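What the coordinates show
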Amino acid sequence: MDFSPLNKDSLNELHALLPEPMFLRALCLERKRAERSRKFFVLMLLNQVKPVQNTNGDNVFSKTVSVISASIRETDIAGWYRENSTLGVIFAELGSGDKKSVLNTLRAKVTAALESRLRTEELSRIRISFYSFPEDCEDHEAGLQATAALYPDLAQRDEARRVSRGIKQAIDAVGSLMALIVLSPIFLAIAVAIKLSSPGPVFFRQKRIGQYGIPFTCLKFRSMYAINDSRIHMDYVKRFIAGAADAGVSDTQHKVVYKITEDPRVTRVGRFLRKTSLDELP
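Bear in mind that the values here come from a model prediction, so they are computed numbers and not experimental data.

So, the overall build of the protein chain
Helix and strand content of the protein chain: 10 helices and 8 strands. Burial statistics for the protein chain: of 282 residues in total, 35% are counted as buried. Summarising the internal contacts of the protein chain: among those between residues at least 6 apart in sequence, 67% fall at separations of at least 24. Carbon together with sulfur atoms contributes 56% to the accessible area of the protein chain, which is approximately 17600 Å² in total.

In structure tokens form, the structure reads like this:
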């Protein structure tokens, strides 16, 4: 993309933009920091649908970069998410406000800054997207989608392993299909045992976080009563964090087990399933 009358080096120097490798490194570090602190940050990506010059001969995207650089804080990190084609800005230290409100405020501020310098037809060629991290299940329920944009290191790794990943996926699909066919009698027997031992569904469903922070539903055979008191587990976790929980001892391996060893919520069939790990089959 041509940034006439400014070349890309002078543009970077003028706006202190990090080159792509440094910006992606900063993004990965900020993501890992947020995973520990749980303080969210926002990544803004901005690109141009089609390069165009205005009536003065200035590149619209070059002027857009100038506007964004002038409107962000000194503590925000600006650089190339994709060299000379996609501008990225990392907004950190956003306080403890509501995530959705912060996103709306940032979007309004950036849009207002661009509208003050760009004409309508120029603005229509600019695409802006916002992504927040860490992501919670509530974010997806509210329409804030997870994305690989926050995981450039993993995306690059997966791209380099495309062939091996394709082979692995094929093996997973064929192996899973064969396992379902072979183990179907065991699945049926377990389902019948669960139904006869206690009322409720056969499967236990739980939300887990997968690759790129995208949630998925994990299925296990139900090993507890469908209606139970979750405070038993919550109280144990509180005591465990405080260092006051008594560690149980496994009779088979003689190792310390940091969980409730005599959980009254587990059914008789559930104890057998857990002991043999058959509850993990799905």
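Brief notes about the sheet that holds strand E3 (residues 86-91)
Across the sheet, which stays open at both edges, the 4 strands sit in the order E2-E3-E1-E4 with antiparallel pairing between neighbours. If you trace the sheet from one side to the other, it starts and ends with strand E2 (77-82) and strand E4 (126-133), each paired once. Strand-to-strand twist across the sheet, computed as the mean angle between neighbouring axes with direction ignored, equals 25°. Here strand E1 (residues 41-48) runs beside E4; their pairing, made up of 8 bridges, is antiparallel.

Some thoughts on the packing of aromatic side chains
Using the criterion set out here, one finds 5 aromatic pairs in the structure. Chaining the aromatic ring pairs together yields one cluster made of Phe41, Phe133 and Tyr151.

Remarks on the nonpolar core
In this structure, Val42, Ile68, Leu87, Phe91 and Leu114 are the most contacted members of the largest nonpolar core, which totals 26 residues. Every element with two or more residues in this core is listed here: E1, helix H3 (60-71), E2, E3, helix H4 (99-115) and E4. When residues in this core are grouped by element, the largest group, 6 residues, is from H4. Excluding residues within four positions of it along the chain, Leu114 makes contact with Leu46, Thr64, Val67, Ile68, Leu123, Ile126 and Ile128. Among the nonpolar cores identified, the runner-up in size contains 17 residues, and Phe23, Leu24, Ala26 and Ala92 belong to it.

With respect to unusual backbone geometry
Going from Phe133 to Pro134, the amide bond is cis rather than trans, its omega being 0°. With respect to the helices and strands, Pro134 occurs in the loop between E4 and helix H6 (137-141).

Brief notes about the environment of Cys28
Structurally, Cys28 is set in helix H2 (residues 20-37). C-alpha separation for the pair Cys28 and Tyr151, spaced 123 residues apart in sequence, amounts to 7.1 Å. Look past the residues within four positions of Cys28 in its chain and what remains in contact with it is Pro152 and Asp153.

Observations concerning the pairing of strand E6 (residues 215-221)
With 7 bridges connecting them, strand E5 (residues 203-209) and E6 associate as antiparallel partners. Opposite Ile209, over in E6, you have Pro215 as the bridge partner. The loop that links E5 with its antiparallel partner E6 comprises 5 residues; one of these, Tyr212, has a positive phi angle of about 60°.

Overview of a nonpolar patch on the surface
On the surface, Val163, Ile167 and Ile171 cluster together into a nonpolar patch covering about 320 Å² of accessible area. Mapped onto the elements of the fold, Ile167 is located in helix H8 (residues 162-197).

Some thoughts on the packing of H3 against H4
Across the interface, H3 lies against H4 with an axial gap of 10 Å and an inter-helix angle of 130°. By the angle between their axes, H3 is oblique relative to H4. Viewed along their axes, H3 and H4 form a crossing whose handedness is right-handed. Contacts between H3 and H4 involve Thr64, Val67, Ile68 and Ser71 from the first element and Lys109, Val110, Ala113 and Leu114 from the second. Classifying every residue of the contact of H3 with H4 by side-chain character gives 5 nonpolar, 2 polar and 1 charged.

Quick notes on the rules
- Numbers given to residues run from 1 along each chain, matching the order in which its sequence is written.
- Totals for whole chains, interfaces and linings use every residue, but because this is a predicted model, local features are given only for residues with pLDDT of at least 70 and side-chain atom pairs only at 80 or more, for both listing and counting.
- Based on all heavy atoms of the structure, the side-chain values leave hydrogens and waters out of the count.
- To qualify as a helix, a DSSP run of H or I must reach at least 4 residues; to qualify as a strand, a run of E must reach at least 2; elements of each kind are numbered from the N terminus.
- Burial classes follow relative accessibility: with a 1.4 Å probe on protein chains only, a residue under 20% of its type's maximum area counts as buried, one over 50% as exposed, and anything between as partly exposed.
- Residue contacts follow a heavy-atom distance rule, with two residues in contact if any of their heavy atoms lie within 4.5 Å.
- Every accessible area reported is derived by Shrake-Rupley at a probe size of 1.4 Å, with residue values counting cover from the shown protein chains alone.
- Whether two strands pair comes down to DSSP finding at least two bridges between them.
- Comment: axis = line fitted to C-alpha atoms, over the contacting stretch for helices; angle = value between 0 and 180 degrees taken between N-to-C directions.
- Note on ring pairs: Phe, Tyr and Trp rings are taken, using the six-membered ring of Trp, and paired if centres are within 6.5 Å. Classes follow the plane angle, with under 30 degrees stacked, over 60 edge-to-face and the rest tilted.
- We define a nonpolar core as any set of buried Ala, Val, Leu, Ile, Met, Phe, Trp, Tyr and Cys residues linked to one another through side-chain atoms lying within 4.5 Å.
- Residues enter a patch when their relative accessible area is above 30% and they make no salt bridge; the linking distance is 9 Å between like charges and 5 Å between nonpolar side chains (Val, Leu, Ile, Met, Phe, Trp, Tyr).
- When a carboxyl oxygen of Asp or Glu is within 4 Å of a side-chain nitrogen of Lys or Arg, the pair counts as a salt bridge.
- With respect to orientation, any angle under 35 degrees is reported as roughly parallel, any angle over 145 as roughly antiparallel, any angle of 65 to 115 as roughly perpendicular, and every other angle as oblique.
- Each crossing is labelled by how the near helix is turned from the far one, with a counterclockwise turn of less than a right angle marking it left-handed and a clockwise turn marking it right-handed.
- Under the scheme applied, nonpolar residues are Ala, Val, Leu, Ile, Met, Phe, Trp, Tyr, Cys and Pro; charged residues are Asp, Glu, Lys and Arg; polar residues are all the others, including Gly.

Read these as spatial facts, not as claims about activity.
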